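Summary of the model geometry
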Amino acid sequence: GVDMAHPALPRVVGADFTNTPGSPAGSPNGSVGPDAHGTMVAGVIAGILGNIGIGIAPSVTILSARIAENYLQNGDFSFQASWFVSAIYWGESQGARVTNCSNILPLSIGSLTAAYTDTRGNNQFTTLSSTYGSTREADMVHFACTGNQGQSTIAYPASAEGVNAVGG
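From a predicted model like this one, the values you see are computed outputs, not experimental measurements.

Further remarks concern the sheet that holds strand E9 (residues 163-166). What holds strands together in a sheet is hydrogen bonding between their backbones, with the strands either parallel or antiparallel. Sheet architecture is open: 3 strands sit in the order E5-E8-E9, paired in parallel fashion. Each end of this open sheet is capped by a strand with a single partner; those strands are strand E5 (98-101) and E9. For this sheet, the mean angle separating the axes of adjacent strands, direction not counted, is 25 degrees. Looking at chain direction, strand E8 (residues 141-145) and E9 are connected through 4 bridges and run parallel. Within the sheet, the bridge partner assigned to Cys 145 lies in E9 and is Val 166. Along the sheet, helix H3 (residues 128-137) makes contact with E5, E8 and E9, crossing E8 at roughly 140 degrees.

Okay, structure coming up:
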């Protein structure tokens, strides 16, 4: 989530896809580590200080799609892949051209390959990976982090087809 009231982020629209929504929708539901990470990323992208743009694209609107909950200091969290699917399609419906996922998901869980209702109203089913692919084909560009552990493999969703992997 992104802090909707942050003074350096005047253009933020939010939606919440979790079972414990922030208030307002799309806001963090607490200040523990990763739950507040979206605000920092949004500032790098679209931050404004006074009348000066300090982000790389200060005139853009940020869409905050909250897709995880129960954050712990160590970075663990709870999620459902269907929340990610719904958030990506919501972003597409809002005209988003770029997505960013600053967390990694364990590939071992079955919910990543399960089929979910495509929330665009076409009564089809989709997986998280195919959601990234179909929206990429519709000219949405996706970025995701590779993880912070210095591993030799690229974490998911950065390893998904159609997602640009970013590492620090």
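Relative to the assigned elements, Gln 94 resides in the loop between helix H2 (81-93) and E5. A sequence separation of 31 residues divides Gln 94 from Leu 63, and the C-alpha atoms of the two residues are 8.3 Å apart.

A few words on H3. Those residues of H3 lying buried are Leu 128, Thr 131, Tyr 132 and Thr 135. In an axial view of H3, the angular spread of the buried residues amounts to 100 degrees, which keeps them on one side of the axis. Backbone geometry just after H3 places Asp 139 at a positive phi near 75 degrees.

This part covers the packing of H2 against H3. How two helices sit against one another is set out by the angle between their axes and by the gap between those axes. Orientation of H2 relative to H3, taken along the N-to-C sense of each, is 15 degrees, at an axis distance of 9 Å. Taken together, H2 and H3 sit at an angle that is classed as roughly parallel. Relative to H3, the crossing made by H2 is left-handed. Contacts between H2 and H3 pair Phe 84, Val 85, Ile 88, Tyr 89 and Glu 92 from the former with Leu 128, Thr 131, Tyr 132, Ser 134 and Thr 135 from the latter. Of the residues contributing to the contact of H2 with H3, the split by class is 6 nonpolar, 3 polar and 1 charged.

Bringing the confidence of the model for the protein into the picture now. Per-residue confidence for the protein averages 83 on the pLDDT scale, and 83% of its residues sit at or above 70. Looking over the protein, one finds the lowest element-wise mean pLDDT in strand E6 (residues 116-117), namely 58, and the highest in E8, namely 94.

Cut-offs applied
Residues numbered from 1 in each chain as written. Predicted model: local features only at pLDDT ≥ 70, side-chain atom pairs only at ≥ 80, totals over all residues. Heavy atoms only, no water. Pairing = 2+ DSSP bridges. Helix = DSSP H or I, 4+ residues; strand = E, 2+ residues; numbered from the N terminus. Axes fitted to C-alpha atoms, helices over the stretch in contact; angles between N-to-C directions. Contact = heavy atoms within 4.5 Å. Buried < 20%, exposed > 50% of the residue type's maximum accessible area, 1.4 Å probe, protein only. Arc of directions from axis to C-beta. Parallel < 35°, antiparallel > 145°, perpendicular 65-115°, else oblique. Left-handed = near helix turned anticlockwise from the far one by under 90°. Nonpolar A, V, L, I, M, F, W, Y, C, P; charged D, E, K, R; others polar. pLDDT = per-residue confidence, 0-100.

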